[in-house]
Amino acid sequence: MNLSGKTVLLLAPKFFGYELEIKKELENLGARVIYFDERPKNDFFTKVFIRLNLKSFISKKIDDYYKNIIQEIKDESIDYLFLVDVETVPLKFIEKTILMNPKLKVLTYFWDSVKNRKKSLEYLAYSNKFFSFDLKDAEADIRIEFLPLFYIDDYKNIANIENELVYDISFIGTVHSDRYKIIKKIEEQAKELNLKTYFYFYSPSKILFFFQKLFKKDFKYIKWKDVSFKSLNKSDVINIIEKSKCIIDIQHPKQTGLTMRTIEMLGGKKKLLTTNIEIMKYDFYNTDNILLLDRNNPKINVDFFGKEYKNLTDDIYKKYSINQWLKTIFKDNNE
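Thresholds applied
- Residues numbered from 1 in each chain as written.
- Predicted model: local features only at pLDDT ≥ 70, side-chain atom pairs only at ≥ 80, totals over all residues.
- Heavy atoms only, no water.
- Helix = DSSP H or I, 4+ residues; strand = E, 2+ residues; numbered from the N terminus.
- Rg over C-alpha atoms; globule rule 2.2 N^0.38 Å.
- Buried < 20%, exposed > 50% of the residue type's maximum accessible area, 1.4 Å probe, protein only.
- Contact = heavy atoms within 4.5 Å.
- Areas by Shrake-Rupley, 256 points an atom, 1.4 Å probe, with all protein chains shown as cover.
- 1 Å grid on protein atoms, 1.4 Å probe; cavity = no way out; pocket = protein on both sides within 12 Å on 5 of 7 lines; lining within 4 Å.
- Points joined across faces, edges and corners; volume = space filled by probe spheres on them.
- Nonpolar A, V, L, I, M, F, W, Y, C, P; charged D, E, K, R; others polar.

Within the protein chain, the regular secondary structure consists of 13 helices and 12 strands. Rg of the C-alpha trace for the protein chain: 21 Å, near the compact-globule value of 20 Å for 335 residues, within the 12% margin. Along the first, second and third principal axes, the C-alpha set of the protein chain runs to 65 × 50 × 35 Å. Per-residue burial for the protein chain yields a buried fraction of 53% across its 335 residues. A sequence separation of at least 24 residues applies to 71% of the contacts in the protein chain between residues at least 6 apart. Accessible surface for the protein chain amounts to roughly 16,800 Å². Of this, 51% is attributable to carbon and sulfur atoms.

Take a look at the structure:
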């Protein structure tokens, strides 16, 4: 696929640098990319209002932000509007962008389930293609195409490095739902089996964590000392994963789509412990590489750690790369 000569307007949240990886790969495919954060700001209160669907409290801020974007792109000839996991993009902004670019094609992708983001369906009517990472979304609505997430080249590089392993089990991720409780149960078993572990629990805000502890039962027993309010940078995350035999993935209980971490471990050829039984439906599922955990009673099997990672076919690794992910989204739209 060659997107040279095409201009893509990319709207996506700032999310651990993945928005920049998408921009970079689109440019590798030849596109000129204009990127804007889909949120008007990334401060704590703006994020809370957006996530709690209280956007009416910041509606003027959102409207002013998108009016400014319209002013910045008014002289541009845009071929694609690419919406990635957006929550604040006003429908009237899409309408104006289409009016300014009559041949515009709108491509939309969500890495959260419709069940969690019912408002995401508002974008369906404006989208030439609408994708979800959740198979159940596609099964529920024929207008939605199923497309799993991707891994970036950094994880492919991990697979090519022969590094001395330091940890048997690692977890790096945001504290949410019952994640902490499940991982603590795994930690107890790991100690009994003399397995080396590395766990990094992250919360984006002390204020948010305080209120979560106050109102959410799963947070009441989380120790402050176990939580960091500074996210690891990408190189630190890569370094820990390189040194780990197995990575834990605990998806949100309301999600059935496979997390980014799951696909990254495929790219990095790392073994996976996961609570998501939906993984059994995927072509890369292999019991030598993936151990399913019961969310309510997680049990680790010491035999699993004794087995080496089993390589899959090259076609499978290629299928889940960011390059192929973008080609799937943009195919048949490139004229």
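Before going further, it helps to examine empty space enclosed by the protein. The full count for this structure, using the stated rule, is 1 cavity of 30 Å³ or more. Its boundaries defined by the atoms lining it, the largest cavity holds a volume of some 80 Å³. The dominant element in the lining of the largest cavity, judged by the number of residues it contributes, is helix H10 (residues 260-267), at 3 residues.

Residue pairs three or four apart in sequence face the same way in an α-helix, which turns once every 3.6 residues. Most of H10 sits out of view: 8 of its 8 residues are buried. Among the residues making up H10, those that are buried are Met260, Arg261, Thr262, Ile263, Glu264, Met265, Leu266 and Gly267. Just downstream of H10, lysine 269 is the residue with a positive phi angle, here 55°.

A few words on the layout of surface pockets. Considered as a void within the structure, the second largest pocket measures approximately 410 Å³ in volume. Forming the walls of the second largest pocket are 16 residues, and the residues nearest its centre are Leu165, Lys269, Lys270, Glu308 and Tyr309. Where the lining of the second largest pocket is concerned, the elements lending two or more residues are helix H6 (153-159) and strand S10 (244-249). Residue classes in the lining of the second largest pocket are distributed as 5 nonpolar, 4 polar and 7 charged.

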